[in-house]
Amino acid sequence: MAEKVVLAYSGGLDTSVAVKWIKEKYGMDIIAVTADVGAEKDLEAARQKALKVGAIKAVVVDARETFVNEFVFPALQADAIYQGVYPLATALSRPLIARLLVEVARQEGATAVAHGCTGKGNDQVRFDVVTAALGPDLAVIAPAREWGMTREETIAYARRSRIPVPVTVASPYSVDINLWGRSIECGVLEDPWTAPPEDIYIWTVSPGDAPDKPQYVEIGFEKGLPVSLNRKRLGGVKLIEQLTRLAGANGVGRIDHIEDRLVGIKSREIYEAPAATVLFAAHKALEAMTLSREQMRFKQNVAEEYASLIYNGLWFSSFHRDLRAYVQSTQRYVTGTVRVRLFKGNCTVVGRKSPFSLYQHKLATYDVGDQFDQSASPGFIQLYGLPVRVQSQVQPETKDIG
Ligand code: ARG
């Protein structure tokens, strides 16, 4: 009996060619697994195609709830944004898909998993490292990394093997889509000086074409998790879907960035992530109201580390467990409502309220009702400024900043 391999199958050209290629090269039986993380395409058609191109079995797994609750929302609570701009949509889906491959491999008694990643990107690292963590005995086959075919050769191989080559293969872009965002690369985007053409965007209107009237949305949070949109309670998947539409209609969520890949390459990446853009802004605004100064400062460092570990494929690591515990603890009082204005590509927080707000009007106000004791300030400043006073006397060049 042939050995079995579980392949992460998207329905696209590369993973279809991979089915044939693995069969020819390794003589293995292929089980195709397609995870639904909100890619908005006909996954039953993908499943049928997998069988048609030669998989012995093909399954589609609806992983949207899991994706949002176990991967996206913890990243939101951590404020995990890579290099200040990338909401990590693709990066967050990889550990989920890789875990699924390992699970199916166990059920089916497979000896290997396979994915369609090239040898130049981050995704290969994420798949391989998660497999190393969850199924260290499993081999990993990465046809696109091994075969060294150009785009043209892949298409020729497909034609020879009677794999349907869709017209859309003419699309010069490489796109990855899930509920949290779209990632777009290749084609003219590889010139960092070239502005992204309009046709790469699907969820967002051009900010210039957005409505001339601002639109307001209210996001309700409980313990750092978004639970309502405009006062309507919604599950995570629905909330993200609806917010994607609202924010996208106002041109919010386009990101154009030169990014540092783990393998050392700088690459030009375009992202479209309307819901993530709004939710990160709203979540951070609520934290500013409910966390102390020290919590805020330390959590910012944690956010940076958290984003890096997600980006670099370390989801299933002790480092993540440890950071997760800290982040969860910080979210106990991150409950309340944030009001956001969406207007011509901008997302601006214009209001926030919380039953656990640390903002005290009686301390902040310059009007009547002020209870802040201004006479206590000179003494405080006296001590706070003491080391500066001493140092500037003893070491006079302290003042020469240059
Ligand atoms: N650079 C992003 C990341 O590493 C996105 C990669 C998306 N892949 C794609 N085929 N467009 O997470």
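What counts, and at which threshold
- Residues numbered from 1 in each chain as written.
- Predicted model: local features only at pLDDT ≥ 70, side-chain atom pairs only at ≥ 80, totals over all residues.
- Heavy atoms only, no water.
- Helix = DSSP H or I, 4+ residues; strand = E, 2+ residues; numbered from the N terminus.
- Buried < 20%, exposed > 50% of the residue type's maximum accessible area, 1.4 Å probe, protein only.
- Contact = heavy atoms within 4.5 Å.
- Areas by Shrake-Rupley, 256 points an atom, 1.4 Å probe, with all protein chains shown as cover.
- Lys, Arg positive; Asp, Glu negative; His and termini not counted.
- Charge placed at Lys NZ, Arg CZ, Asp CG, Glu CD.
- Pairing = 2+ DSSP bridges.
- Axes fitted to C-alpha atoms, helices over the stretch in contact; angles between N-to-C directions.
- Salt bridge = Lys/Arg side-chain N within 4 Å of Asp/Glu carboxyl O.
- Core = buried A, V, L, I, M, F, W, Y, C linked by side-chain atoms within 4.5 Å.
- Near = heavy atom within 4 Å.
- Polar contact = N/O pair within 3.5 Å; in protein donor to acceptor, adjacent residues only side chain to side chain.

Engineer: What's the story with the overall build of the protein in this structure? I'm lost.
Structural biologist: For the protein, the count of helices and strands is 14 helices and 14 strands. Considered along the principal axes of its C-alpha atoms, the protein spans approximately 85 × 55 × 45 Å. Burial status across the protein gives 47% buried among its 402 residues. Considering only contacts within the protein whose residues lie at least 6 apart along the sequence, 72% involve residues at least 24 apart. With an accessible surface of roughly 20,300 Å², the protein has 54% of that area assigned to carbon and sulfur atoms. Looking at charge distribution, the protein has the averaged site of its 47 positive side-chain charges lying 4 Å from that of its 46 negative ones.

Engineer: Explain the sheet that holds strand β7 (residues 181-185) here, please?
Structural biologist: Pairing between sheet strands relies on hydrogen bonds along the backbone, with the strands arranged either parallel or antiparallel. Spatial strand order, β6-β7-β12-β11: four strands in an open sheet with antiparallel pairing. Only two strands of the sheet have a single neighbouring strand rather than two, namely β6 (174-178) and β11 (254-260). Neighbour to neighbour, the strand axes of the sheet diverge by 25° on average, direction disregarded. Note that β11 and strand β12 (residues 266-272) share seven bridges and pair antiparallel. In the strand pairing of β12, R254 is matched with E272.

Engineer: Please explain the side chain of T131 as it appears in this structure.
Structural biologist: The topology assignment puts T131 in helix α5 (residues 123-134). Accessibility expressed as a relative area gives 3% for T131, which makes it buried. Ignoring anything within four residues of it in the chain, the contact list for T131 reads V102, V113, P136, L138 and V140.

Engineer: Looking at this structure, I do not really get the pattern of salt bridges. What am I missing?
Structural biologist: Should their charged atoms come close, side chains of opposite charge can pair. Considering all chains together, one arrives at 25 salt bridges under this definition. In this structure, the salt-bridge partner of E103 is R99, at a minimum N-O distance of 3.9 Å. Taken together, the residues E103 and R99, both in helix α4 (residues 89-108) and four residues apart, mark about one turn of the helix. The exposure class assigned to E103 is partly exposed, which follows from its relative accessible area of 39%. You can call R99 partly exposed: its relative accessible area is 21%. Note that D123 is salt-bridged to R126, the shortest N-O span being 2.7 Å. In this pair, D123 and R126 are both assigned in helix α5, three residues apart and thus about one turn of the helix distant. Like R126, D123 is buried. Each of the salt bridges in this network shares a partner with another, and the network as a whole consists of D36, D62, R64 and E241.

Engineer: How should the sheet that holds strand β9 (residues 225-229) be read in this particular structure?
Structural biologist: Taken in spatial order, the five strands line up as β10-β9-β8-β13-β14 in an open sheet, and their pairing is antiparallel. The open sheet terminates on both sides in strands that have one partner only, identified here as β10 (232-233) and β14 (346-353). Pairing between strand β8 (residues 215-222) and β9: four bridges, direction antiparallel. Counted as the bridge partner of E222 is L225 from β9. Each of β8, β9 and β13 (336-343) touches helix α8 (residues 236-249); the most contacted strand, β9, lies at about 65° to it.

Engineer: How should the nonpolar core be read in this particular structure?
Structural biologist: One recurring pattern in soluble globular proteins: nonpolar side chains tend to sit buried together. Counting residues in each nonpolar core, the largest one holds 75 residues, and the members touching the most others are L88, L92, W180 and I310. Here the element with the most residues in this core is α4; it accounts for eleven residues. Contact partners of L88, with chain neighbours within four places excluded, come to A80, I81, Y82, W180, A307, I310 and Y311. The next biggest cluster of nonpolar side chains, apart from the first, holds 27 residues, and it includes L7, V17, I22 and Y157.

Engineer: Before we go on, may I ask you to explain the site of the ligand in this structure?
Structural biologist: Close contacts around the ligand come from 14 residues, with Y86, N122, R126, S174 and E259 the closest. In this structure, a nitrogen atom belonging to the ligand sits 2.7 Å away from a side-chain N or O atom of S174. If the ligand stood free it would expose 350 Å²; the protein chains cover 91% of that surface. For the shell around the ligand, the secondary-structure elements that each account for two or more residues are α4, α5, β6, β7 and β12.

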